[in-house]
Amino acid sequence: MKRHNYFICAAFAVAATVACDPAEDQPKDFPVVGEIALSGESTNAATNSWYPGEKLGVFVTSDGLTQSNLLYTPSETCADNSVLLDENDPTSKYWMFGDPVGNVALTASAEKAGFKQGVHNVYAYSPYNAAATDVTAVPMPDLTKQDELTFRGQTTNPALSFVYASKVVEEYTSAPVDLGTFTCVTMALNTGSIEFSGQESELVGKKLVKMVVTADKPIAYSNAKFNLVEKSISGTSAPVEVTTNQEIKASEGLDFVTMQSVTIYSTGDPVKFVIIAPASLDELQSMKFNFTAVLDDNSEWTVSEVSPNVMNIGGSTLITFGGKVVGLTKK
């Protein structure tokens, strides 16, 4: 009887071991049978090109396991002609870039994207973020906090722009998979000169330390994530805050209403900032922006419901606020 019970228990033990085999619970993968060579063209809001030091992330879904966040770099970039206005101050960088390079090969830095089995969906984005593990939730640059490195120079910091592309590949090919022109979901705006409506005693010598920008539609998100599959952004809508250190100066000007000479209080340089781009330029022109300037005495100056101007100069689109954000008044 004891021997009979022993065989029954042994049989149950074997069955339990087979039923709980960890290999049975693992998702099935397939071997890589060939490299997926990639190419593409960037539309970065600052450079309209791949730029020096840029990195991309690549995801590939197919039968088997997803190839996640593979690190790639462009084989060619535009020239970086930026300079430091003050060698001891990294925030004094003046952004300048050379001509765009167009469509170039994208090169794997380590693991290469590869063909496995089934239909392949290739997704690529920039700038690369090592924390991106999910193709539906790629962290985006934080646009809620920007600084002088955003806006000094002819353009803006290219690392604040987010671009993406995707391609469906139905069968193996040894030819490069061209991702085409990447879509940029961000855009740079320019305040033009910033003028204040106030008295000399409370303005001259003061400094603009922060500009807070909001609009009637979302222009930035805290904890922003981009879904490369659905091409959508998630996060909590938030203002754009740009820190700066510009001195307010007085100059003589003309009041075009009264044609009288007036004193104009303004900053020396515009403030440029990067926002989540609306669906079209027409939608942008219909948006209303609100600006709050915070000075170094903690006073706040505001102007509300300002519409942007969209101009085409030499084939390039320049977006400003009527040339200037005028008439900021004290709260």
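Here is what the cut-offs are and how they apply
Residues numbered from 1 in each chain as written. Predicted model: local features only at pLDDT ≥ 70, side-chain atom pairs only at ≥ 80, totals over all residues. Heavy atoms only, no water. Helix = DSSP H or I, 4+ residues; strand = E, 2+ residues; numbered from the N terminus. Buried < 20%, exposed > 50% of the residue type's maximum accessible area, 1.4 Å probe, protein only. Contact = heavy atoms within 4.5 Å. Areas by Shrake-Rupley, 256 points an atom, 1.4 Å probe, with all protein chains shown as cover. Pairing = 2+ DSSP bridges. pLDDT = per-residue confidence, 0-100. Core = buried A, V, L, I, M, F, W, Y, C linked by side-chain atoms within 4.5 Å. Polar contact = N/O pair within 3.5 Å; in protein donor to acceptor, adjacent residues only side chain to side chain. Phe/Tyr/Trp six-rings, centres within 6.5 Å; stacked < 30°, edge-to-face > 60°. Salt bridge = Lys/Arg side-chain N within 4 Å of Asp/Glu carboxyl O.

Caption draft 1: Up close: the overall build of the chain. Within the chain, the regular secondary structure consists of five helices and 27 strands. Burial status across the chain gives 40% buried among its 331 residues. The contacts of the chain with a sequence gap of at least 6 include a subset with a gap of at least 24, amounting to 72%. Carbon and sulfur atoms make up 51% of the accessible area of the chain, which amounts to about 17,000 Å² in all.

Caption draft 2: Broad picture of the sheet that holds strand 4 (residues 67–74). Taking strand neighbours across the sheet as the criterion, the eight strands line up as 13-2-7-4-3-9-12-14 in an open arrangement whose pairing is mixed. Taken across any chain shown, the strands that pair with only one partner, and hence form the sheet edges, are strand 13 (177–181) and strand 14 (183–184). In this sheet, strand 12 (residues 163–169) lies alongside strand 9 (residues 117–126) in antiparallel orientation, the contact comprising seven bridges. Bridging from a neighbouring strand, Val122 pairs with Lys167 of strand 12.

Caption draft 3: How the structure looks around unusual backbone geometry. Between Ser126 and Pro127 the backbone carries a cis peptide bond, its omega angle lying at 10°. Positionally, Pro127 belongs in the loop between strand 9 and strand 10 (138–139). With a phi close to 60°, Lys231 is a non-glycine residue in the positive phi region. Assignment of secondary structure puts Lys231 in the loop between strand 18 (221–227) and strand 19 (232–237).

Caption draft 4: Fine view of the confidence of the model for the chain. Of the residues in the chain, 83% reach a pLDDT of 70 or more, and the chain-wide mean stands at 85. Note on residues 1–18: pLDDT is under 50 here. Beyond four places in sequence and across chains, it has zero contacts.

Caption draft 5: Seen up close, the nonpolar core. Of all hydrophobic cores here, the largest spans 45 residues; its most connected members are Phe196, Leu228 and Phe289. Beyond its immediate stretch of four places on either side in the chain, Leu228 contacts Phe59, Tyr123, Ala124, Tyr125, Val135, Thr136, Val138 and Tyr164. Within the second largest apolar cluster, 21 residues are counted, among which are Trp50, Val104, Val122 and Val177.

Caption draft 6: Seen up close, the side chain of Asn157. Locating Asn157 in the fold gives a position in the loop between helix 3 (148–151) and strand 12. The class for Asn157 is buried, based on a relative accessible area of 17%. In terms of polar contacts, Asn157 uses its side chain to reach the backbone amide nitrogen of Ala159, at 3.0 Å.

Caption draft 7: Region of the structure containing the environment of Val274. Mapped onto the secondary structure, Val274 falls in strand 22 (residues 272–276). On the accessibility criterion, Val274 (0% relative accessible area) is buried. On a C-alpha basis, the gap between Val274 and Asn157 in space is 8.8 Å, while along the polypeptide they are 117 residues apart.

Caption draft 8: Seen up close, the sheet that holds strand 18. Spatially, 10-18-19 is the arrangement adopted by the three strands of the open sheet, whose pairing is antiparallel. On the outer flanks of this sheet lie strand 10 and strand 19, each paired with one strand and no other. Of the strand pairs in this sheet, strand 18 and strand 19 are connected by five bridges, and their pairing is antiparallel. Each residue of the ladder has a partner; that of Ser222, found in strand 19, is Thr236.

Caption draft 9: Quick peek at the pairing of strand 7 (residues 104–108). Of the strand pairs in this sheet, strand 2 (residues 38–41) and strand 7 are connected by three bridges, and their pairing is antiparallel. When the sheet's bridge partners are listed, Ser39 is paired in strand 7 with Ala105. Two strands pair when backbone bridges link them, and strand 4 and strand 7 are joined in this way by three bridges, in the antiparallel orientation. Each bridged residue has a counterpart across the sheet, and for Thr73 the counterpart in strand 7 is Thr107.

Caption draft 10: Expanded view of the packing of aromatic side chains. One pass over the full model with this rule turns up nine aromatic pairs. Ring plane angle 35° and centroid distance 6.5 Å describe the contact between Phe59 and Tyr125, whose orientation is recorded as tilted. Of the two residues, Phe59 sits in strand 3 (residues 56–63) while Tyr125 sits in strand 9, which places them 66 residues apart along the sequence. For Phe59, a relative accessible area of 0% translates into the label buried. For Tyr125, a relative accessible area of 0% translates into the label buried. With 5.2 Å between their ring centres and 45° between their planes, Phe162 and Phe226 make a pair best called tilted. With Phe162 in the loop between helix 3 and strand 12 and Phe226 in strand 18, the pair connects residues that are 64 residues apart, well separated along the chain.

Caption draft 11: Quick look at the pattern of salt bridges. With the rule as written, the count across this model stands at five salt bridges. Its salt-bridge partner being Asp29, residue Lys116 comes within 3.0 Å of it at the nearest N-O pair. In this pair, Lys116 is assigned in the loop between strand 8 (114–115) and strand 9 and Asp29 in the loop between helix 2 (22–25) and strand 1 (34–35), connecting sequence segments 87 residues apart. With relative accessibility at 34%, the residue Asp29 sits in the partly exposed group. Residues Glu241 and Lys210 are paired through a salt bridge, measuring 3.8 Å at the closest nitrogen-oxygen approach. Placement of the pair is Glu241 in strand 20 (residues 240–255) and Lys210 in strand 17 (residues 207–215), with a sequence separation of 31 residues. Classification of Glu241 as partly exposed rests on a relative accessible area of 21%. Linked by salt bridges that have partners in common, Lys145, Lys210 and Glu241 make up one network.

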